[in-house]
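Coordinates in review
Listed here are the chains, written in short residue letters.
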Amino acid sequence: MGKLFRRLSRKVVIIISIIVMILIGTGFYFLFSFEDEKLGREGPYYAEIYLATSSDGINWEVSDTVIIKHADVPGVVYFNSKLFLYFVYADLGGERLRVGISEDNGSSFTFYDVVINGSNSPNPVDPTAMVDGGKIRLTYLGNLNQGEVNKIVTAVSSDGIHFVEEYVIYTGDVYDPDLFYDENNSEWVLLVGEGGKLVRATSGSINSMFIKDTSFRWEYGLITSMHIINGKYYTYYMENGII
């Protein structure tokens, strides 16, 4: 796949941190975050979330308007005629998972703190969202910096704000999950960064531990966003600051 876009038209040098794309009607909406390389620092506090749009999923028009400051790792879903934008927000009090809800396709958002009921989500980050069974399914790293093995957790919600944990689906030195359902093979697929590599794990049920596919090889970057468009699988990914 060719480069979709490299940088915004700004004077400072910026790096694409993570991406997510969604199809609404006949148009594609791409949410991504940037960290300012000139600051020499990393993390959500130094990142901003932007929007890009496309009619074909390949050629994109990037907006110079910041959607959210001090925010990173966006995950978005279209549900009940609204956009639900999940992200990690940072301020002087620390980092937390938030959601922006838009009823006008991203022109404006109302923001809420995400509430997750469950013991495996003391510090949730790296959200990815999808619609599953008439609810929003959020999959994320649930216990960042808790002094234990990292857990990829999946939870569901009817309103997009209040979630209930369902299961820990993968553990290890893991981060940035990308979950989708493969209808061709009737299985759930998890793409996730682990130990500096992208790994693939699968399960026949969402409420069970996923098993790593040891035959999987991916050499194109660690952060992915998988989408099924007109029956085809599109994998958007970030490599060396380029989507």
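Residues numbered from 1 in each chain as written. Predicted model: local features only at pLDDT ≥ 70, side-chain atom pairs only at ≥ 80, totals over all residues. Heavy atoms only, no water.

Attention shifts here to the sheet that holds strand β15 (residues 174-182). A sheet is described by the order of its strands in space; here four strands give the open sequence β15-β16-β17-β18, paired in antiparallel fashion. At either margin of the open sheet sits one strand with a lone partner, and together these are β15 and β18 (211-212). For strand β17 (residues 197-203) and β18, the ladder comprises two bridges, and the chain directions are antiparallel. Within the sheet, the bridge partner assigned to Thr202 lies in β18 and is Ile211. (Pairing = 2+ DSSP bridges. Helix = DSSP H or I, 4+ residues; strand = E, 2+ residues; numbered from the N terminus.)

What follows is about the pairing of strand β20 (residues 232-238). Where strand β19 (residues 223-229) meets β20, seven bridges bridge the pair, whose relative direction is antiparallel. In the sheet register, Ile228 faces β20, and the bridge partner there is Tyr233. Counted along the chain from β19 to the antiparallel partner β20, the turn is two residues long, and its residue Asn230 has a positive phi close to 50°.

Turning to the pattern of salt bridges, a few remarks are in order. Oppositely charged side chains can pair when the atoms bearing their charge come close. As enumerated under the stated definition, the model contains eight salt bridges in all. The salt bridge partner of Asp132 is Arg137, with a shortest N-O separation of 2.9 Å. One salt-bridge network, in which partners are shared between bridges, spans Asp91, Arg96, Arg98 and Asp113. (Salt bridge = Lys/Arg side-chain N within 4 Å of Asp/Glu carboxyl O.)

Within the largest apolar cluster, 35 residues are counted, with the highest numbers of intra-cluster contacts made by Tyr86, Tyr170 and Phe210. Residues within four places of Phe210 in sequence aside, it is in contact with Ile169, Tyr170, Leu179, Trp188, Val189, Leu190, Ala201, Thr202, Ser203 and Ser205. Within the second largest apolar cluster, nine residues are counted, among which are Ile49, Val76, Leu83 and Phe109. (Core = buried A, V, L, I, M, F, W, Y, C linked by side-chain atoms within 4.5 Å. Buried < 20%, exposed > 50% of the residue type's maximum accessible area, 1.4 Å probe, protein only. Contact = heavy atoms within 4.5 Å.)

Take the packing of aromatic side chains next. Applying the stated criterion across every chain yields a total of ten aromatic pairs. On the basis of an interplanar angle of 85° and a centroid distance of 5.9 Å, the ring pair of Phe87 and Phe111 is categorised as edge-to-face. Taken together, the residues Phe87 in strand β7 (residues 82-91) and Phe111 in strand β9 (residues 110-113) connect sequence positions 24 residues apart. Residue Phe111 is classed as partly exposed on the basis of its relative accessible area of 32%. When the centroid spacing of 5.4 Å and the interplanar angle of 90° are considered together, the rings of Trp218 and Tyr237 count as edge-to-face. Of the two residues, Trp218 sits in the loop between β18 and β19 while Tyr237 sits in strand β20, which places them 19 residues apart along the sequence. Looking at Trp218, the relative accessible area reads 22%, which means it is partly exposed. We classify Tyr237 as buried; its relative accessible area is 13%. By the ring-pair criterion, three or more aromatic residues cluster together here, those being Phe87, Phe109 and Phe111. Across the ring face of Tyr89, the terminal group of Arg98 is positioned such that the distance to the ring centre comes to 5.8 Å. (Phe/Tyr/Trp six-rings, centres within 6.5 Å; stacked < 30°, edge-to-face > 60°. Lys NZ or Arg CZ within 6 Å of the ring centre and 35° of its normal.)

The next subject is the side chain of Lys151. Along the chain, the position of Lys151 falls in strand β13 (residues 150-157). Of the side chains bearing the opposite charge, Glu148 lies closest to the buried Lys151, which forms no salt bridge; the N-O distance is 4.1 Å. Once you skip the residues sitting within four places of it in the chain, Lys151 turns out to touch Asn120, Tyr140, Leu141, Gly142, Asn143, Val168, Tyr170 and Thr171. (Lys, Arg positive; Asp, Glu negative; His and termini not counted.)

The antiparallel open sheet is built from four strands, whose spatial order is β6-β7-β8-β9. The open sheet is flanked by β6 (71-79) and β9, the only strands paired with a single partner. Each strand axis lies, on average, 25° off the axis of its neighbour in the sheet, ignoring direction. (Axes fitted to C-alpha atoms, helices over the stretch in contact; angles between N-to-C directions.)

Here β7 runs beside strand β8 (residues 94-102); their pairing, made up of nine bridges, is antiparallel. The residue bridging Phe87 from the neighbouring strand is Arg98, located in β8. Where β7 hands over to β8, the hairpin turn is made up of two residues, counted between the paired strands. The sheet contact formed by β8 and β9 spans four bridges and is antiparallel. Each residue of the ladder has a partner; that of Val99, found in β9, is Tyr112.

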